[in-house]
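Working through the structure, step by step
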Amino acid sequence: MIWFIFALIVMAGLAWCLRYAGQLASGNAPMFRDMSFGVAFGYVLGIVILVWLAWAYTQALSDDPAVANKFFFLKAAIEWFIIFAIAAFAFKMFGQYVGTDGSRKLFRSMPLTASFGLLTILVYIIVAIFAGVIAPYGQDEILQGVAANVVAGGDPALGGDPNYPLGTDQIGRDILSRLIYGAQNTVGIAFVTTLLAFFLGGTFGFLAAVLGGWLDQVLSRMVDVLMAIPSLIFALLLMTIASVWANQWGIPLTYFMIVIIAVIDSTRVYRLARAVGQNIVVMDYIEAAKLRGEGLVYLMFKEILPNATAPLLAEFGLRFCFVFLTIAALSFLGVGIQPPLADWGTMVRDLAGFINYAQFAPSAAVTPLLAAGAIALLTVAVNFVVDWMLHKSSGLKE
Amino acid sequence: MNNVLGIIIQRLLLGLVTLLIVSVVIFVAVNLLPGDFAQLILGQGATEESVNSIRRDLGLDQPLFVRYFDWLGGMITGDLGTSFAQLNFTTGLGGVNNVTVLDQILPRLSNTMFLAGVTAMIAVPIAVTLGVLAALYRNTVFDRAANIATLSSISSPEFFMAYVLILILAVINPLLPSLSNIYDGMPFGERLEKTMLPALTLTLVVTAHMMRMTRASIINLLASPYIEMARLKGISPMRVIVRHALPNALAPIINVIALNLAYLITGVVVVEVVFVYPGIGQLFVDSVKIRDIPVVQACCLIFAAAYILLNLTADIMSILSNPRLRHPK
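Residues numbered from 1 in each chain as written. Chains lettered and ligands numbered in written order. Predicted model: local features only at pLDDT ≥ 70, side-chain atom pairs only at ≥ 80, totals over all residues. Heavy atoms only, no water.

**So, the overall build of chain A**
What chain A contains, in helices and strands, is 17 helices and zero strands. C-alpha atoms of chain A, sized along the principal axes, occupy 75 × 70 × 45 Å. The proportion of buried residues among the 398 residues of chain A is 45%. Here the analysis covers contacts within chain A between residues at least 6 apart in sequence; of these, 66% occur between residues at least 24 apart. Summed over its atoms, the accessible surface of chain A is roughly 20000 Å², and 71% of this surface lies on carbon and sulfur atoms. The distance from the centre of the 21 positive side-chain charges to the centre of the 23 negative ones in chain A is 9 Å. (Helix = DSSP H or I, 4+ residues; strand = E, 2+ residues; numbered from the N terminus. Buried < 20%, exposed > 50% of the residue type's maximum accessible area, 1.4 Å probe, protein only. Contact = heavy atoms within 4.5 Å. Areas by Shrake-Rupley, 256 points an atom, 1.4 Å probe, with all protein chains shown as cover. Lys, Arg positive; Asp, Glu negative; His and termini not counted. Charge placed at Lys NZ, Arg CZ, Asp CG, Glu CD.)

**Structural notes on the overall build of chain B**
Each helix and strand in chain B was counted, giving 13 helices and zero strands. Reading the secondary structure of chain B in the N-to-C direction produces α-α-α-α-α-α-α-α-α-α-α-α-α. Taking all 329 residues of chain B together, 47% fall into the buried category. In chain B, once contacts between residues fewer than 6 apart in sequence are set aside, the share between residues at least 24 apart is 70%. Accessible surface computed for chain B: about 15700 Å², of which carbon and sulfur atoms make up 66%.

**Some points on the packing of aromatic side chains**
Aromatic ring pairs are defined here through the distance separating the ring centres and the angle between the ring planes. All names here are of chain A. Here the structure, examined in full by the defined rule, presents 17 aromatic pairs over all chains. Between Trp55 and Phe71, the ring centres sit 5.7 Å apart and the planes meet at 80°, which makes this aromatic pair edge-to-face. Within this pair, whereas Trp55 is found in helix α3 (residues 37-60), its partner Phe71 is found in the loop between α4 (65-70) and α5 (72-97), the two being separated by 16 residues in sequence. In this structure Trp55 comes out as partly exposed when scored by relative accessible area, which is 42%. (Phe/Tyr/Trp six-rings, centres within 6.5 Å; stacked < 30°, edge-to-face > 60°.)

**Digging into the interface of chain A and chain B**
Each side of the interface is counted separately: chain A has 52 residues, and chain B has 50 residues. In total, chain A and chain B occlude about 4400 Å² of area from one another, counting both sides; carbon and sulfur atoms represent 79% of this. Seen at the junction of chain A and chain B, the total is one salt bridge. A salt bridge links A:Asp387 to B:Arg212, with the shortest nitrogen-to-oxygen separation between them at 3.5 Å. The interface formed by chain A and chain B holds three residue pairs in polar contact (both at pLDDT 80 or more) in total. Of all elements in the fold, only α3, α4, α10 (213-227), α11 (231-249), α15 (309-333) and α17 (366-394) of chain A reach the threshold of two or more residues within the side of chain A that touches chain B. Each residue belonging to the side of chain A that touches chain B can be placed in one class, and the counts come to 33 nonpolar, 15 polar and four charged. (Buried area = accessible area lost by both parts, 1.4 Å probe. Salt bridge = Lys/Arg side-chain N within 4 Å of Asp/Glu carboxyl O. Polar contact = N/O pair within 3.5 Å; in protein donor to acceptor, adjacent residues only side chain to side chain. Nonpolar A, V, L, I, M, F, W, Y, C, P; charged D, E, K, R; others polar.)

**A short note on helix α5 (residues 101-136) of chain B**
Here α5(B) contains 36 residues, and its C-alpha end-to-end distance of 50 Å stays within 8% of the 52 Å for a straight helix at 1.5 Å per residue. Of all the bends in α5(B), the greatest, near 25°, is centred on B:Ala123, and the proline B:Pro125 appears no more than four residues after it. (Expected span 1.5 Å × (residues − 1). Bend = angle between axes of the 7 residues up to and from the residue.)

**Thoughts on the pattern of salt bridges**
Residues and elements named next belong to chain A. Evaluated as defined, the whole model comprises 13 salt bridges over all chains. For Asp224, the salt bridge goes to Arg221, with nearest N and O atoms at 3.1 Å. Taken together, the residues span about one helical turn, with Asp224 and Arg221 both in helix α10 at a distance of three residues. Since its relative accessible area comes to 44%, Arg221 is described here as partly exposed. With a shortest N-O distance of 2.7 Å, Asp265 and Arg319 are connected by a salt bridge. Of this pair, Asp265 sits in helix α12 (residues 253-281) while Arg319 sits in helix α15, and the two are 54 residues apart along the sequence. Here the salt bridges do not stand alone but share partners, grouping Arg221, Asp224 and Arg271 into one network.

Right, dumping it as structure tokens:
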């Protein structure tokens, strides 16, 4: 604590020196003349953090395992950050020179975070679709004659096997294969759930907007009530009930989960679809279509839907994140996607105990973090893309 | 003033009605279970006689709406029924030694309140300060970095944050305990130390959201003419924001804080499970797993009530802080 305060005082002094030196050296250029103390402090803070990171990186390369272990994860984080940044930049460059005029223009105006997001989403989609081809083993294949070993890296000195780069879990399943199949199961189920939520919420929302009157009132009040219950709590309650039904009917619990989460999330979609729909319904072209004698379905899907795609698409990204996180949380709590399906949330729960050994063998903590990180990475990526889309469509400059 | 009072009373009544309907939804949902509680406790091999006897004891032979009002009346008077897991069959069915749901919930509820309180104490000042700074230095490197960091922490699952914090602060650098096994009568300092890691996890998740909202609402205000005026007077940018923009941005910020506390309620479930924190979220998940229906029902209602209450607070706060409503012409 004392060291922390001491460091703050030193940095404050350095900030003042930096500004003064800058003013002297640049002949009182506007940049340094008008620099407030807070900005100078920010620069010094940034430099100190960068220097510390560089120092920590060299520490991680030290021969003493006690020191190296301490900085193992920081080193990995720095390396991955740089790799991701380079990959995102390369992807952006690729997009700028390849493709149609429109897509090239899009990539030029794209911030690095958005190109990182797009690239990540693409990779996830490819992995999810071709999981069966990429994964070296089956997701529920219990490998015989292999010592259970969750230490990643396949280092024979630690009891690993180079054939299983991320090790095998407690009952002898290849963790890498399960991670890859997790993309198919977790992402696939979340995607289907979101689609269902949009179908339900969108249809009822447009219906309420077009018809109005008592139907609108009834639907809206129902949605109000459902939204008054925190969604994760409500999902847990309904899953309790569904688990009894699933036992009795012999239907996998996962199907119940898809429907339950879709219904809970469709309330949010309904709100948006209704609000957007109401703005469109008063337009002249809707009036014209009505006078032409078009039916309700035509009005909803041919007139309103095409004009509501932009906000609905952004909402789809956000909603997907919510659904994905809810499913991950449910699986993590043990009531979501059921074994033998490989799923990231369940994997985190099963492997989490190994984090406590990170002090002695950092690679033991890698596997649970990889599963949790796979969830985080996708949601972060989708959020980056949605953030960029919203920023672009709102035309906000400040 | 009358006007405002009227609106507030109307909102309170609306909240009460919502809670009532929510209780109906929860009750009906639970009663969709195939068979009933009696069969669920005794399993499939139970004789008709014993099932009927338990049914009578728990009042399950009554019609649905009678049971609902019994349950609702119990909720209001604080009698939440008896937990199935703790049912004591030795002293006669539904005998005297039963642990009531209330006995289980109360200590855990206060633990969760403690956790939420600690989180709020850490998160709110940090979020508002960072939000003001991000608004002040908008479109700089600091703002971009803060934007990326907050967006990442909003979108990561709570358990990812929790395990990363455990890894950094408990395993690699043993500063804080990774298990929050707190108990009654623990000294405050120790209790705070054990609560720190879950509180920090929740802080990370909630701060990001609050900070973005603070930044957005201040930037929104910076476009107004009176800020332009203040700037033209030659006041420093910091003073413009703290003295002129912040007081007017307070209403949306308070709103966001209340909404985020409501969000804490759901976040708390996962975080409590990760840290084995003996709060109401942990109890809820455990009861869900063993299908302890009365506890699930009661926890669910408590969560919903807290959620509705906090949303209501946010609503009323925004009415109260709106000068046009406070001083009608």
